[in-house]
Amino acid sequence: MPDIPSSFDQLQTPCFLVDVDIVKKNAEKMQERCKKLGVKLRPHMKTHKTTEAGEILTNGTKQRIVVSTLNEAEFFADNGFDDILYAFPLTEDKINRCKALTKRLNQFHVMTDSFYGIDILEKSPPHNGHWSVYLKVDCGYGRAGVVWNDPESIKLAQRIANSSSIDFQGIYTHEGNSYDSKGSKQIKEKGQTNVERLVEFRKKLEVSGITCKEYGVGSTPTCNQADQYMAQVTEIHPGNYVFNDAQQVSVGSCTEDDIACRVATRIVGHYPHRNQMLIDCGFLGLSEAGKEQLPGGYCTFQGHPNLKLIKFTQEIGKVEPIEGKLDYNKYPIGSMLFMYPYHSCATAAMHSVYYVHSGDSIVGTWTPTRGW
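Conventions used here
In every chain, residue numbers begin from 1 and rise along the written sequence. Reporting in this predicted model follows two pLDDT cut-offs: at least 70 for local features of residues, and 80 or more for side-chain atom pairs to be given and counted; totals over whole chains, interfaces and linings ignore these cut-offs and use all residues. The basis for every side-chain value is the complete set of non-hydrogen atoms in the structure, without hydrogens or water. Note on conventions: DSSP H or I runs of at least 4 residues are helices, E runs of at least 2 residues are strands, and numbering of each starts at the N terminus. Every radius of gyration here is taken over C-alpha atoms, with the globule rule written as 2.2 Å times N^0.38, N being the number of residues. Contact between two residues is taken to exist if any of their heavy atoms lie within 4.5 Å; hydrogens are not considered. Positive residues here are Lys and Arg, negative ones are Asp and Glu, while His and the chain termini are left out of the count. Note on charges: their place is set at NZ of Lys, CZ of Arg, CG of Asp or CD of Glu. Buried, partly exposed and exposed residues are distinguished by accessible area as a fraction of the type maximum, computed with a 1.4 Å probe on protein chains only: under 20%, between the cut-offs, and over 50%, respectively. The directions from the helix axis to the C-beta atoms are what the arc is built from. Computed over the protein atoms alone on a 1 Å grid, cavities are sets of points where a 1.4 Å probe fits but cannot get out and pockets are open sets with protein on both sides within 12 Å along at least five of seven lines; a residue lines them when it has an atom within 4 Å of a point. Grid points are joined across faces, edges and corners, and a volume is the space filled by probe spheres set on the points. Amino acids are sorted into nonpolar (Ala, Val, Leu, Ile, Met, Phe, Trp, Tyr, Cys and Pro), charged (Asp, Glu, Lys and Arg) and polar (every other residue, Gly among them). At least two bridges found by DSSP between two strands are what make those strands a pair. Assignment of crossover handedness uses the view with strands pointing away from the viewer, where a clockwise path from the first strand over the helix to the second indicates a right-handed crossover. Only the stretch in contact is used when fitting a helix axis, every axis being a line fitted to C-alpha atoms; angles between N-to-C directions are given from 0 to 180 degrees. Roughly parallel refers to an angle under 35 degrees, roughly antiparallel to one over 145, roughly perpendicular to one between 65 and 115, and oblique to any angle outside these ranges. Polar contact criterion, stated in full: a pair of N or O atoms within 3.5 Å, where within protein one must be able to donate a hydrogen and the other to accept it, and residues adjacent in sequence count only if both atoms are side-chain atoms. Classification of ring pairs rests on two measures: the distance between centres of Phe, Tyr or Trp rings, Trp counted by its six-membered ring, which must be within 6.5 Å, and the angle between planes, read as stacked under 30 degrees, edge-to-face over 60 and tilted in between. Sitting over a ring, as applied to charges here, requires NZ of Lys or CZ of Arg to be within 6 Å of the ring centre and within 35 degrees of the ring normal.

Enquirer: If you had to explain the overall build of the protein to someone new, which residues and values would you point to?
Expert: Each helix and strand counted, the protein has ten helices and 18 strands in total. What you see for the protein is a C-alpha radius of gyration of 22 Å, in line with the 21 Å of a compact globule of 372 residues. If you take every contact in the protein between residues at least 6 apart in sequence, the share linking residues at least 24 apart comes to 68%. Measuring between centres, the 41 positive side-chain charges of the protein sit 2 Å from its 43 negative side-chain charges.

Enquirer: Tell me about helix α5 (residues 115-123), residues and numbers included.
Expert: Those residues of α5 lying buried are Gly117, Ile118, Ile120 and Leu121. Along the long axis of α5, the arc covered by the buried residues comes to 165°, so they all point the same way. Taken together, the buried residues of α5 touch α4 (95-104), β5 (108-112), β6 (131-138), α6 (151-162) and β8 (166-174).

Enquirer: Mind laying out the layout of surface pockets, listing which residues take part and the relevant values?
Expert: The calculated volume of the largest pocket comes to roughly 850 Å³. The wall of the largest pocket is formed by 38 residues, among which His44, Lys46, Ser68, Arg143 and Cys345 lie closest to the centre. Listed by contribution, the elements that provide at least two residues to the lining of the largest pocket are α3 (70-78), β4 (82-89), β8, α9 (246-251) and α10 (344-348). By residue number, the principal contributor to the lining of the largest pocket is β4, which donates four residues. Residue composition of the lining of the largest pocket, grouped by class: 14 nonpolar, 16 polar and eight charged.

Enquirer: I'd love a proper account of the pairing of β5, names of residues and values included.
Expert: Most of β5 is tucked away: five of the five residues are buried. Residues Phe108, Val110 and Thr112 line one face of β5 and the alternating positions His109 and Met111 line the opposite face, and both faces are buried. Two strands pair when backbone bridges link them, and β4 and β5 are joined in this way by four bridges, in the parallel orientation. The partner of leucine 85 across the bridge, within β5, is histidine 109. Judged from the four bridges that link them, β5 and β6 form a sheet pairing that is parallel. Bridge assignment links valine 110 to a residue of β6, and that residue is valine 133. Crossover handedness for the path β5 to α5 to β6: right-handed.

Enquirer: Could you give me a rundown of the packing of α5 against α6, with the residues and numbers involved?
Expert: Running from N to C, α5 and α6 point in directions that differ by 10°, and their axes come no closer than 10 Å. By the criterion of interaxial angle, the relationship of α5 to α6 is roughly parallel. On α6, the residues that touch Phe115, Ile118, Asp119 and Glu122 of α5 are Lys155, Leu156, Arg159 and Ile160.

Enquirer: Which residues make up the side chain of asparagine 240, and what values do they have?
Expert: Of note, asparagine 240 is situated in the loop between β10 (235-236) and α9. When its relative accessible area of 5% is taken as the criterion, asparagine 240 is described as buried. A distance of 3.0 Å separates the side chain of asparagine 240 from the side chain of aspartate 245, its partner in a polar contact. A distance of 2.9 Å separates a polar atom in the side chain of asparagine 240 from a polar atom in the side chain of serine 344. The contact partners of asparagine 240, leaving out residues within four places of it in the chain, are Thr47, Tyr179, Thr220, Asp245, Gln248, His343, Ser344 and Cys345.

Enquirer: Just give me the short version of the packing of aromatic side chains, but keep the residues and values in it.
Expert: In the structure shown here, the tally under the stated rule is eight aromatic pairs. An angle of 20° between the planes, with centres 6.4 Å apart, marks the rings of tyrosine 86 and phenylalanine 88 as stacked. Taken together, the ring pairs in this structure connect Phe16, Phe243 and Tyr354 into an aromatic cluster. Here the guanidinium or amino end of arginine 202 rests over the ring plane of tyrosine 215, the centre of that ring lying 4.3 Å away. Between arginine 262 and the ring centre of phenylalanine 338, over which it is positioned, the NZ or CZ distance is 4.5 Å.

Enquirer: Got a sec to walk through the pairing of strand β14 (residues 307-312)? Specific residues and values, please.
Expert: Where β14 lies against strand β15 (residues 317-321), five bridges are found, and the strand directions are antiparallel. The residue bridging lysine 311 from the neighbouring strand is lysine 318, located in β15. Between β14 and β15, which pair antiparallel in sequence order, lie four residues.

Structural data, given as structure tokens:
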């Protein structure tokens, strides 16, 4: 890896920038929110995938995290983290890696939402004889999870609770439908509905003789905008809040001042005959997620609200004004622009190193883990 530059103008572009002061601010706000609500925080690692951010989000404890890949679980285990929840539907090809993690960690949890998942766990118990299992519940998002008001969901929970090789930890839902919101009011309404549905499902389990040690909800919009209703659960598990992004701003989850990541790019060409300029960032440096969801196209240009990224190729981006003519004197070739990505998780995954800065000074690099 090349020497770490001391200032932005020395950076090779495109590159991924992380403002460590905003990361710390976002982490502190979420930790304080949980303290006031009386709930535990289990931050998701899938956005940043780094030990440095993991330590900040866990307030230095390296305890109680969520991951979405076994690679992440192994990476964080390698670096001293514990109480790790692998929050992804299990298939048999992953069982041996999960068993290895139960040997390495004091607490390693898996998740299922099917009888198939229970079958493969019972077929191959870990060294201590018991899997720690969460049941994924769908409270309205329509992705993974048993449906919260389906009687068959109770039967699956009973099977888990009655298994001799499973310790039932509780239930977990992802409030992904909050990303369809327009403003804080809608986020809170959807968050409250999701919590009420999860609590109702938990009560049905208790009537059936099943005890939930933990019952958790989470998405960055609902957790950024958490209200007192969130105190009804035991833990929350947001992830994107570490960086936030233009999508979070667009749904009303946060403000632009809360975004901790940017993609730096340079202007490489002027084309007045078509009122455009080119930048050195294509679809390998900035995610195409959110196409046409923002006035700026695939991103928001920091400090330049009239610019729009209209098209990508692999290493090139086309930029034009939303209105009027480009003033090329403001955008000399070789000068830098900074883009807030629509989806920071997807964009961060494109970069093998993050350049970390405090103010205008680059203070180090973070290297994320990669793979599955």
